[in-house]
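Listed below, chain by chain, are the residues.
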Amino acid sequence: MRDIYTEARKHFGFFLVCASILFGIFVLRELVDSYKSVLDVIWAFAVVLVSSGATFYVAAQIFMFLVLKRDTLLHLSTHSTLRKFFVKTTSLSFGFITVGLVSLLASTTMWPKDDRLTKAVAYAVCAKLVSSITLVSMAWVLGAVTAHFRGFYSRLLTYAGGFAVLIGSQIAVLWRVADLGGTTWMIGGSTSFAGYPVYCGPLAISIGTPFSFKLTEPYVLGLGLNLIWIVLGLFVILLQSRRHRASLRARWVNRIP
């Protein structure tokens with residue numbers, strides 16, 4: 001656990017600042033009535049900027065580790081690939097989840113008070129947790145693929161472009177399968193209720209579709225698509241672990257006289 005604790009100390013300050021900014025603005029927005037409209041706008045911008053910054057931070061940390069081979073001590077350690085994955089991503093996932101839940105739960109104060117509110121909030125929290133793990137899975141899969149390229153800029157463009165293509169494709173599949181043509185939607189913060197969120201990777205999209213747990217509705221479909229990414233990420237990690245063990249076994253055999 002010491003290695004996980006050491007890794008967590010690297011990222012604690014960043015995520016603490018992000019969560020504190022969101023929580024501080026939320027408290028001001030709720031307690032100060034004199035500048036309500038101004039604080040609403042500040043809150044909307046804070047959600048967009050802080051959430052985007054946290055997403056970029058997580059993706060960049062995994063890119064530096066997998067593609068640029070930073071954190072030499074962890075790379076040279078005798079840990080298995082699975083253990084290295086948990087050491088590197090546990091604190092990133094927890095920090096990103098914390099920042100995401102602060103922005104999400106604060107935003108639910110603007111949701112309409114009806115019989116579906118409790119179910120919608122429970123769903124949104126679950127979907128947010130899954131989307132946070134999906135971000136790590138996407139970043140790890142893309143990092144494992146990008147590491148085979150040569151040149152910093154080709155790697156960076158492939159990594160960033162891969163995120164855009166994967167998230168865009170997931171949105172297209174969701175829109176197609178759930179038949180969301182003509183549905184009102186919004187990405188980013190808002191000063192009023194803009195619809196319940198669905199997550200395509202780490203990207204939250206508020207859609208003006210009545211909340212429902214039906215399998216053909218976008219909320220369940222969006223959750224299912226993110227879960228597929230988590231399974232794919234685990235498959236890639238297990239494949240990396242198998243190759244790592246095979247490589248170590250080959251080295252050991254070659255050393256035998």
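Here goes a summary of the coordinates provided.

Conventions and cut-offs
- Residues numbered from 1 in each chain as written.
- Predicted model: local features only at pLDDT ≥ 70, side-chain atom pairs only at ≥ 80, totals over all residues.
- Heavy atoms only, no water.
- Helix = DSSP H or I, 4+ residues; strand = E, 2+ residues; numbered from the N terminus.
- Buried < 20%, exposed > 50% of the residue type's maximum accessible area, 1.4 Å probe, protein only.
- Areas by Shrake-Rupley, 256 points an atom, 1.4 Å probe, with all protein chains shown as cover.
- Lys, Arg positive; Asp, Glu negative; His and termini not counted.
- Charge placed at Lys NZ, Arg CZ, Asp CG, Glu CD.
- Pairing = 2+ DSSP bridges.
- Axes fitted to C-alpha atoms, helices over the stretch in contact; angles between N-to-C directions.
- Expected span 1.5 Å × (residues − 1).
- Phe/Tyr/Trp six-rings, centres within 6.5 Å; stacked < 30°, edge-to-face > 60°.
- Disulfide = S-S within 2.5 Å.
- Parallel < 35°, antiparallel > 145°, perpendicular 65-115°, else oblique.
- Left-handed = near helix turned anticlockwise from the far one by under 90°.
- Nonpolar A, V, L, I, M, F, W, Y, C, P; charged D, E, K, R; others polar.

This next bit is on the overall build of the chain. Counting its secondary structure elements, the chain contains seven helices and three strands. Ordered by position from N to C terminus, the α and β elements of the chain give α-α-α-α-α-α-β-β-β-α. By principal-axis analysis of the C-alpha atoms, the chain measures approximately 80 × 40 × 35 Å. A burial count over the chain gives 41% of its 257 residues as buried. Roughly 14300 Å² of accessible area belongs to the chain as shown, and the carbon and sulfur atoms make up 69% of that amount. Across the chain, the 24 positively charged side chains and the 10 negatively charged ones have centroids separated by 20 Å.

A few words now on unusual backbone geometry. Residue lysine 69 is not a glycine yet carries a positive backbone phi of 60°. Its location among the elements puts lysine 69 in the loop between α2 (36-66) and α3 (72-76). By relative accessible area, lysine 69 is classed as partly exposed at 47%. Positive phi is not limited to glycine here, since aspartate 71 has a value of about 60°. Tracing the sequence through the fold places aspartate 71 in the loop between α2 and α3.

Once that is clear, we can look at the sheet that holds strand β2 (residues 196-200). One open sheet holds the three strands; their spatial order is β1-β3-β2, and the pairing between them is antiparallel. The sheet terminates laterally at β1 (185-187) and β2, the two strands that pair on one side only. When the angles between neighbouring strand axes are averaged without regard to direction, this sheet yields 35°. Inspection of the sheet shows β2 paired to strand β3 (residues 203-207) by five bridges, in the antiparallel sense. For valine 198, the partnering residue across the bridge sits in β3 and is isoleucine 205.

The next point concerns helix α5 (residues 117-146). Here α5 is 30 residues long and its end C-alpha atoms lie 42 Å apart, about the 44 Å a rise of 1.5 Å per residue gives. Burial analysis of α5 places 21 of its 30 residues in the buried class, the great majority of the element.

To continue, consider the packing of aromatic side chains. On inspection of all chains with the given rule, the structure shows 21 aromatic pairs. When the centroid spacing of 6.5 Å and the interplanar angle of 80° are considered together, the rings of tyrosine 196 and tyrosine 219 count as edge-to-face. Taken as a pair, tyrosine 196 in strand β2 and tyrosine 219 in helix α7 (residues 218-255) lie far apart in primary sequence, 23 residues in all. Given a relative accessible area of 5%, tyrosine 196 falls into the buried group. Through a chain of ring-to-ring contacts, the aromatic side chains of Trp111, Tyr123, Phe193, Tyr196, Phe211, Phe213 and Tyr219 assemble into a single cluster.

A full pass over the atoms with the stated rule returns zero disulfides. Cysteine cysteine 200 shares no disulfide, and the gap to the nearest cysteine sulfur, in cysteine 126, comes to 15 Å.

Right, let's get into the packing of helix α1 (residues 2-31) against α2. In contact at an axis separation of 9 Å, α1 and α2 are set at 165° when each is read in the N-to-C sense. It follows that α1 is roughly antiparallel to α2 by the angle criterion. Remark: the crossing between α1 and α2 carries left-handed chirality. Partitioning the contact of α1 with α2 into residue classes produces 17 nonpolar, three polar and five charged.

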